[in-house]
Structure formats: C-alpha cells, structure tokens
Amino acid sequence: MGEVIGKRVLDKGWLAARSTEVEFTGIQLTTTNPPSSVPTSPWMEAVVPGTVLATLVNKQLVPDPFYGLENEAIFDIADCGREYYTFWFFTTFECKLSNNQHVDLNFRAVNYSAEVYLNGYKEVLPKGMFRRHSIDVTDILHPDGQNLLAVLVYPPDHPGSIPPEGGQGGDHEIGKDVAAQYVEGWDWIAPIRDRNTGIWDEVSLSVTGPVKIVDPHLVSSFFDNYKRVYLHTTVELVNKSNSVAECSLNIQVGTELEGNICLVEHLQTQHVSIPAGAQVQYTFPQIFFYKPNLWWPNGMGKQSLYNVEITVDVNGFGESDSWNHHFGFRKIESHIDSATGGRLFKVNGQPIFIRGGNWILSDGLLRLSKKRYKTDIKFHADMNFNMMRCWGGGLAERPEFYHYCDIYGLLVWQEFWITGDVDGRGDPISNPDGPLDHDLFLFCARDTVKLLRNHPSLALWVGGNEQVPPTDINSALKTDLQLHPYFESSIHHGSSEEELTPVLMDPSQYLDGTRIYVKGSMWDGFANGKGDFTDGPYEIQNPEDFFKDDYYQYGFNPEVGSVGMPVAATIRATMPPEGWQIPLFKKLPNGYVKEVPNPIWDYHKYIPYSKPGLVHDQILLYGTPTDLDDFCLKAQLVNYIQYRALLEGWTSRMWSKYTGVLIWKTQNPWTGLRGQFYDHLHDQTAGFYGCRSAAEPIHVQLNLATYFIEIVNTTSEELSDVAIEASVWNLEGECPYYKVFEKLNVPSKRTVSISEMNYPKSKNPEPVYFLLLKLYKMSDDGILSRNFYWLSLTGGDYKLLEPYREKKIPITITSLTFIKGSSYEIRMHIQNTSKAPDSRSLLSSNNFIQESRNQDFDMLSLEAHAPERKKGNSLFQKMWQNFSREGSGVKVTEINGTETGVAFFLHLSVHASKKDHKDGEDTRILPVHYSDNYFSLVPGEVMTITINFEVPPGITPRVTLTGWNYSGNTVL
C-alpha cells in the first residue's frame, strides 16, 4: 500500500537522556540496543519540540526556573560544561514505502548542531539555530517499516558565562554563534541555563513520489489602483528518481467558505519535464485577479486570505507531492516621511499609523505551541495593535507565529540575530564582527526568508537591534533582499502591467523582492535614523509628559518602555511567600521616594513605579499600600494610566510629529516584572486595556498636557455628523459638568482638537473627579468610542480615592452563557443601579457600533446554557431578548449597595469551582479573552462584556468581579 503522500509530524513518543549517562553509540541505539518504550534511567520522556531544560523541568528533575529564585539552583552551562546539556533524543516511527515513493526526515530547527542516527546510519546536522535540515532517508528505512531514530544534540559552541553583575547578554560569547542571544540573560530575563539546547522546532517526515516541491514563492503585483492584481509563483522541483519525470504541475487558488468548503477561483495546469536527479526552478504564468479581497492590518479592514495549493502529478505514478499555504493580497510600502523624519508605512496605498510592541518570544524554554501562539497574537490584536517587532536577540519566529499574525492582522518587523549589546556596543564592549562564521549567518538568513516570505503579515526585514551587521553581512543582505521594481514605489499602480513585464524578471524569482531591508533598528527612519541611542526611555513617566512637545524628538520610536506589575494572584503563583513582600518606600532628601524591592522581585527584573528626581512614586499617589493585594491593585491603576497616556500622547501627534511607536515590550517569555501587558501565565494587566482603549481606530481622548478633547480617526473614511458627550462625576455620584459638542466632522487619518475640557477652571472643582468621554453618531446615538478618566487638580494626588473604597455601589449583572464543547462564551450586561441615568444623556445604554472582527466563536453553533434553548439560527436574536427579562438560562446577580457613585475599576476574572479548594491556591482559568476589563460605570450606565475561554475537562467555571469598591463577588 505504501505511505500517504504528505507530511507527518513526529512529536510523540520521544525519549531523552544525558549523553554522558548513555553507554551505547548512536549506531547501537538504532540497531541492537534501543531504549525501552517504558523509559528507565537514564532515559526519560522528552519534550519535542522543546529544549533539554524543558524536558528536565517537565520531569521535575530540576526546579522550575521561572519560580522564585529556583533558577539559581540549576547548573549553568558555564559551570558544568557543554557535556552536561548534550543530550540524546530517541523515538521510533513506522514508515513503509511503495514503489517509487521517497521520504525525507526534516528538522525545522535544532540548537545548535546534531548527529542523526536512523537504523544504524549516521548523518550530521551542521551548526546554526535558524536553519532547516532535510535528509533523504528513503534507502535507510527498515524493510519491515519499524524505524529507530536517535539524535545527539550539542549546545551552542560558545555558550558563554554570566558575570556576577549579570548584564545584557552575559559575557557576549553567544554572539560568536548564530543563535538566540537572550539566553545569557538581559535586563528583563535571567540566564537560560542550557542556552536553549535541543530539538526546538518541528520534526517531520515528508513522503513524496518521484518529484518533490520545495519552497514555493508567492508574490502579488497590483495595477490600476488595485483593481488588476497578478499572482506570481515560482517553485523548486526535485526529481528524486533515476529517470525523466513528465509532470503536470497544478496551482489552485480558492477562498474558504463556511463549513470548510473551498470555492476555487483559479486553476492552472502546466506541463514540465524534469531530467533524472535534477532540481529545476519553474515559474508559472501569472494568474490574473480582478478586484480580489485584500488583506489589511488590524484596524484597517478584513484579513482576507486565499488558499493556494500546488500539486505535481507524474506520469505513471499519480500525485507526487502537494503544498498549500494561505495567501493575502496586499502591498506594503514605506518611506522616510519628510514632515516627521520617521518611517511611514503604507498598506495597499493607505498610510497606517503604527502602534504596536516589541516581542521577544512566547516562552524562554521554547515550549512553543499553536495554542499558545494563538493566544499571544490574539492578545495583541485585542489591544488594537497593528505591528509586532521580533527583536534581534530573540528568534526568527516560527511559521505558526506568522500564521496567527496573518489571521489577526499584525504586521511583523523581523530582525536578524544581531544586537548592540552583544555585537559591538555592550558593556564591556563586545565583538563588533558578529558571529565567527559569516557564511553560516547568511545561510540561516536566506533559509529564514524562504521559510517565512509567503506570509502577508511579514512587513520588513531589519539587520539588527541597535546595531548594524558586519559590513560584508549587511552588504549581502542588502543585495539578497533588494526590492523588485514593482515594490520600489507606488508609481506603478497606474501603469499598464503589459508595459512593465517584458523587461522585468518575475518577482517570485527573487529571494523576497517585496519587503524593504533596513540595516538596523535605529537607522533609516527609526529613532534618529543615524544609529545613535535614541530609543527609549524604559521606566515610569509622568502621564502628561507623553503629550508634551519635548517628550520625544524623532518620528518613529522603535522602543519605549515602562512598568509591568501583574496581579497579586500571579505573584503568589510564581513566587514563595517571601516574594509576596511589597517594596519598601524609602524617602529621599529631595522629596522623592525610592522603591526597594525584595530580592525575588529584583531577580525577576522589577521596574519601580518611581523615578527619583523626575517622577514621584505613582503608586503612592493612591496612598501607601498595605499588602500585596493593595499594591498590585494600585499598580493596575498606574498601568492603565501609563500606557493609555503613552499611546494617546503619540496618537495626539499622528503625522504632525510621529509616524509610529513600538512599546518595549508587550510580554515576558518568563515570569518577569517589567514591560508587559500580560504575564507569563496569560493574565492581562490593566495596561492591556489602557492600550486597547488608546489604540482604537476611532478614539476620543483627553490631551493630559492641554486638557483639550481630541478625536482620533485612523480610518480611511471621514467621520461626519458625530458628537462628543463629556461628563464629570464627583465622588458623591453627582454630575457637576456636562457638555455635548455636536455636528463634528473629522477627516480621514487625522487627529483633531475639539475643545478644552474646562471643568478644572469652573467655580468649585472637586480635587479628584471622574471624566467620561463618549464619541457617538448623531443619527442613531451609536457609540464609536468611550473613554473613562480619573483626574486630580493637584498634579495626580488621588488619596481621596482611598476612603471612596468604602462606598458600596449597587450593581446588577445579567448574564447568559453559551457552551460549545470545552469553549465558553459569556455575555454580561452590567449596570450601575445606584441611581437612574443622568436625564441629559441618551447614551447610558452604551450602544456600541461593533467593528467587524475575526471571530473565533461561531455563535450559531453554540448551545445556550439553558434547558429549553437549542442551537439554531434565531439564537443570536433571542439572546438579546433574554437580557431584558429574567428567564431560564439567564442569571441575574445583584451586588447590594445603598450609596450613589461611580462603580470604579471593575475587574472580571474566571476561576475553577472546586469543592476541595486549598487556601491560597490559584484557581484562575487562563487564558481568557475579555471585550473589556478594568472598566468603570457611572450611575445608571450599562456595559455589555463578552468573555471567551476554554475550560479544562471536569471543571465548572465561575466568574468573579472585584474592583475599587468591591472585594470579590462571584457573579456567575
């Protein structure tokens, strides 16, 4: 019968053992002396893909390096030697080929080099962390189909050592290899003890007939203002047989409809003759599309994706190989903007104001998975970000990362493996010549381009972080990644394709040809454009400073960072009790306060909420914290304000001063305490929702420097006939200031200042007050943007909020739950019932105009959590009717209170209901996607919150609400 043509992933049944503890050779392990399938010492079940350390942690043979100070209890490779982390990995697989079938054994990445043994035969995998390996094992397979595979993996050649003071990239020795540099530690992560040694990416078998398809390249070109579009395709074809292969080469382009049905839009067949043993390049005739659906970044439109499938049929054999990939029609351009000096990006001809973040990697032990990637990327889309920068000290990210960036609309800036600290600009000064083997670096770079180039989300290549690659590498990359003339500028949009084609090479024959290459992160339109250290800063700021003229002088800041304290539950889950101690607040002679964190927080790279001499402690503005819960709650208040102000400050100067900003950074690949919007356990901080608010495509905001209300319109459509409602609420629940600004028009891609919010200049303004801004359409009162502030007349002193915590504000929560397998969606209708809505306002019900987003949840296939309700087409309509009355499946929860006021800083969380719950146990279900969180409701106001999550088997979820006025109430 033979094998099915295609790929089979080998990710199950792997064993591992330290090489010094294995007495057999690779030949013996794969012939006469394989380990038992039930492992006995020194063998253990292995994590593949993964690293040595991931396996040891998984088997609890070393402590969890991300917990407390446990990383200090693990041997560092500098102290124990490379042999200690040189490991065997072993598995078995069945594969029995039929006549003229061939099979390759593929390793998508290994760190750092390896010896592969299959059924007694040896192959060497050469060095390099970012390269693919493919071995033709057709003639090595065992006749009975049972195959033994052993892989001996060696660590990086230059793992380096960690100086006592730590530092950026340790002693910088890792820079001599082509590998991730963060593994020697940085100012945001402790050293990774095995330097990520292991089979860290996918292992697979690919079965083909006589002819194999290798690395197709898909490119789209655009003409006549994106009406006429051409798909260009070039493939490599390898004839593995010893005779001429007469082939039918097919390309099919389709769109996926509901129910996994594919609508074929184009089908083309070409005849190709391939000599025996030859590898040829074939370019299809270009395929014409008229007005295809375009792929847009998050916030600009839909992420329309087509499915491209290429197959090759060989005469006398049948289908020999197939390849498929989703593809987005889009064009990304950029230039240095004359008005700002910043790099200005355009997608499909439309300028896009970049608001995004820096990304290191998903997990420091390379425990990478589609599920974790999906959550990571969706979180970035949920924050309304449109770009992620893959930092040069981290990874060439994996295809699964890019897959979800394609789906959720995140543009990606991909850097190669150069950093200033390790490659010539560190302390002490490091080697400026890059890795020892420049040819290896370029091989890995070219292979990475081939791996990733078909993803529409990939926007640009950058040579390095805060540094330029060595001259020869930079020159080679610049040549290899030169743009095809179609992509050099927008002048060709109006040109005739026929006029251009005869004199140009097909763009799919380029290595890439569609994306710019910039030599470094602070050059050519980024920071000051000249390579000087003009990114940053990286600590707490006064929120109003982000709006000031002198805050940042350059058009595009690739790195600006700040605080990132998680919630108290995360601290308790990732640290022993001695790590639950909050910082000491040390008063300095100049009146500022210096925070002194405990040693565990210090180890986890805590950034303080004060900057003596420049920024007063932002947590103390709310009163001195009493314990961990109080500290973390007040930290969330600061997180929200800090990051909302950062993005609003940049957006306030959209195009007039700035073209974009990338926050350093969005998350941590371990349990770090700085620069993150969600922690390593996937729980969001309040900064997540501050960003989500500030980066809305259409947004109303308060300029904290001038107190003028501004409207931001980043869309391609003019806003017409809109209005702003501005209401101030005091701590007694009264509305002393109410204004409506009507009949406003805002041009496309503009930020417009509307009017001063002059409550602070009124007769008797309150020292602390709340401001609610709503931007809405006058035609139907549909809310376009809602933004809630807490403000102080005295420069940020919020201590009056401390006694406000004692006010008991009543809330009514009406919820309806939908369940599909292990997936839950909960709709919560939350109302502040302390008094009726202000009679002047018609907007208390918050009728939001929903932007169409990629939905993970199919509402029509859900089952309502109610006995009499079955799935059906009318369910979605019935759901809203259910909210208006209490009935079966609808739960109404009332949080009692007798006082009037704002329900302040409400936070929802999802937990597992457990009868045998242990005190202090972390019961959170993570991750959870909330449509909003850390929100506030003025008297009479209603918000609808949507919650999506997966529930582990056998667990019943419950939803808890906490807040400034609420200590913790189970509401579902």
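In this text the structure is predicted, and so the values were computed from the model without any measurement.

## Topic: the packing of aromatic side chains
For the structure shown, the criterion picks out 65 aromatic pairs. When the ring of Phe 223 is compared with that of Tyr 230, the centres are 5.8 Å apart and the planes differ by 75 degrees; the resulting orientation is edge-to-face. For the residue pair Phe 223 and Tyr 230, the accessibility class agrees, reading buried in each case. The ring of Tyr 789 carries Arg 644 above its face, with NZ or CZ at 3.8 Å from the centroid. Above the face of the Trp 790 ring, Arg 644 is positioned so that its terminal group lies 5.9 Å from the ring centre.

## Digging into the UniProt feature "domain: Beta-mannosidase-like galactose-binding" (unreviewed entry) in the chain
Residues annotated in UniProt with the feature "domain: Beta-mannosidase-like galactose-binding" (unreviewed entry) correspond here to residues 41-200. Here residues 41-200 is 7% helix and 25% strand, with 23 Å between the C-alpha atoms at its ends.

## Quick word on the pairing of strand β12 (residues 228-239)
Taking burial as the measure, the twelve residues of β12 include eleven buried ones, the bulk of the element. Note: strand β11 (residues 211-223) against β12, eleven bridges, orientation antiparallel. Considered in β12, the bridge of His 217 is made with Thr 234. Where β11 folds back on β12, the antiparallel hairpin that results is connected by four residues, among which Asp 224 adopts a positive phi of roughly 55 degrees.

## Structural notes on the sheet that holds strand β1 (residues 6-9)
Read across the sheet, four strands follow the order β1-β10-β5-β8 without closing on themselves; strand pairing throughout is antiparallel. Edge positions in the sheet fall to β1 and β8 (133-136), since each has one partner strand and no second. Pairwise comparison of adjacent strand axes, ignoring direction, gives a mean angle of 25 degrees for this sheet. Pairing geometry for strand β5 (residues 102-107) and strand β10 (residues 203-208), over six bridges, is antiparallel. Each residue of the ladder has a partner; that of Leu 105, found in β10, is Leu 205.

The rules behind these values
Residues numbered from 1 in each chain as written. Predicted model: local features only at pLDDT ≥ 70, side-chain atom pairs only at ≥ 80, totals over all residues. Heavy atoms only, no water. Phe/Tyr/Trp six-rings, centres within 6.5 Å; stacked < 30°, edge-to-face > 60°. Buried < 20%, exposed > 50% of the residue type's maximum accessible area, 1.4 Å probe, protein only. Lys NZ or Arg CZ within 6 Å of the ring centre and 35° of its normal. UniProt positions renumbered as here; feature names shortened; annotations may be inferred. Helix = DSSP H or I, 4+ residues; strand = E, 2+ residues; numbered from the N terminus. Pairing = 2+ DSSP bridges. Axes fitted to C-alpha atoms, helices over the stretch in contact; angles between N-to-C directions.

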